[in-house]
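Chain by chain, the residues:
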Amino acid sequence: MSEPTPYQLLEVDEDASFDEVQEARTRQAQQHSGDKKRLESIEAAYDAILMDRLRQRQEGKIKVPEGIRFPDRLTPPPASFTPSTPSGSPAWLQRLIDTPSRSDILWPAGVYVALGGLSIYPAANDSLLQLTLALGVGSCLYFLNRKEQKFGRAVLLTVAGLVLGLVLGGVFGPLLSTAFVSTEKLIALFTFLTLWLVSSFLR
C-alpha cells in the first residue's frame, strides 16, 4: 500500500484553491488536536503542498495569488520607526530634559554641597555669601555649556535657575530661618539646590 500524498492527507483535490487547502489544514488540526504525530504529518503535508504550488508557479504552470505566504520566504523585517514623544510631553521639553550619568549628577552635587557648606558657615558674612553665589552661577554655566556647547542656552537656563532659586528662597527662607541659619543663608541654599537641579537635569 503506497504512502498517501499530501493532498490525500489533507483530503483535498490537487486542483484545490489555496483557501480550500487552508480550511482543510485547520479542519484536520482540530479533528486530531490530541494526536501530536498526526498534527506533525498535517503540517508537513501543508508545507509540501505549498512548496509544490511554489514550484509550479516558478515553472509558470499556475498563477498563485500574491497573498499566499510560502514557508521558505523570510518574513520582511519590521519597518524602522522613530519613537514618538509621549503625547503629554511637548517636543521642546523632550529636548530640554537630560538623562544624566552618575558623574553628571555627582560632580555638580559635590560643588554645590561645598558652596552650601561655606554659605552656612557661622563666620560667613555677606561678602562670602555673594562670592559663593557667584561661584554657584559660574559652576552652573560651566556644567550646562559642557553638555551641548551652546553658551547662549546655558546662560538662559542658568539665569532661570538663579531667579527660581531666589524666589523659592525668598518664599521659604523666612519660614525656615532659625537663630543658627539666617534667611539670607537659606536663600543661598535654595538657590544652590535649584542651580544643581538645572545643571544636572537640563541641557
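Details of the structure are given in the entry above.
Residues numbered from 1 in each chain as written. Predicted model: local features only at pLDDT ≥ 70, side-chain atom pairs only at ≥ 80, totals over all residues. Heavy atoms only, no water.

Here's the deal with the environment of P100
The test is simple: What counts as a helix is a DSSP run of H or I of at least four residues, what counts as a strand is a run of E of at least two, and both are numbered from the N terminus. What makes two residues a contact is simply this: any of their non-hydrogen atoms within 4.5 Å.
Within the secondary structure layout, P100 lies in the loop between α4 (91–96) and α5 (102–119). Remark: the alpha-carbon pair of P100 and R203, spanning 103 residues in sequence, is separated by 9.5 Å. Sequence-distant contacts of P100, defined by excluding residues within four places in its chain, comprise I105, S200 and F201.

Describing the nonpolar core
For clarity, the cut-off: Side-chain atoms within 4.5 Å link the members of a nonpolar core, which is a set of buried Ala, Val, Leu, Ile, Met, Phe, Trp, Tyr and Cys residues. When accessible area is computed with a 1.4 Å probe and restricted to protein chains, residues below 20% of their type maximum are described as buried, those above 50% as exposed, and intermediate ones as partly exposed.
The biggest cluster of nonpolar side chains holds 14 residues, and the ones touching the most others in it are Y112, C140, L144, L157, F192, V198 and L202. Counting residues per element, the ones that place at least two in this core are α5, α6 (126–148), α7 (151–176) and α8 (183–201). When neighbours within four sequence positions are excluded, Y112 is seen to be in contact with G136, S139, C140, F192, L195, W196 and S199. With 12 residues, the next largest nonpolar core counts L10, A16, F18 and L50 among its residues.

Brief notes about the side chain of Q28
With respect to the helices, strands and loops of the structure, Q28 is situated in helix α2 (residues 18–31). Look past the residues within four positions of Q28 in its chain and what remains in contact with it is L9, L10, E11, R38 and I42.

A closer look at the pattern of salt bridges
Let me state the cut-off plainly: A pair is scored as a salt bridge if a Lys or Arg side-chain nitrogen falls within 4 Å of a carboxyl oxygen belonging to Asp or Glu.
All chains considered together, the criterion is met by 4 salt bridges. R25 is paired through a salt bridge with E43; the nearest N and O atoms lie 3.0 Å apart. Pair noted here: R25 is in helix α2 and E43 is in helix α3 (residues 36–58), with a separation of 18 residues, a long-range link. Residue R146 is joined to D104 by a salt bridge in which the shortest nitrogen-to-oxygen separation is 3.5 Å. A residue pair is termed long-range when its members are at least 10 positions apart, and R146 in helix α6 and D104 in helix α5 qualify at 42 residues.

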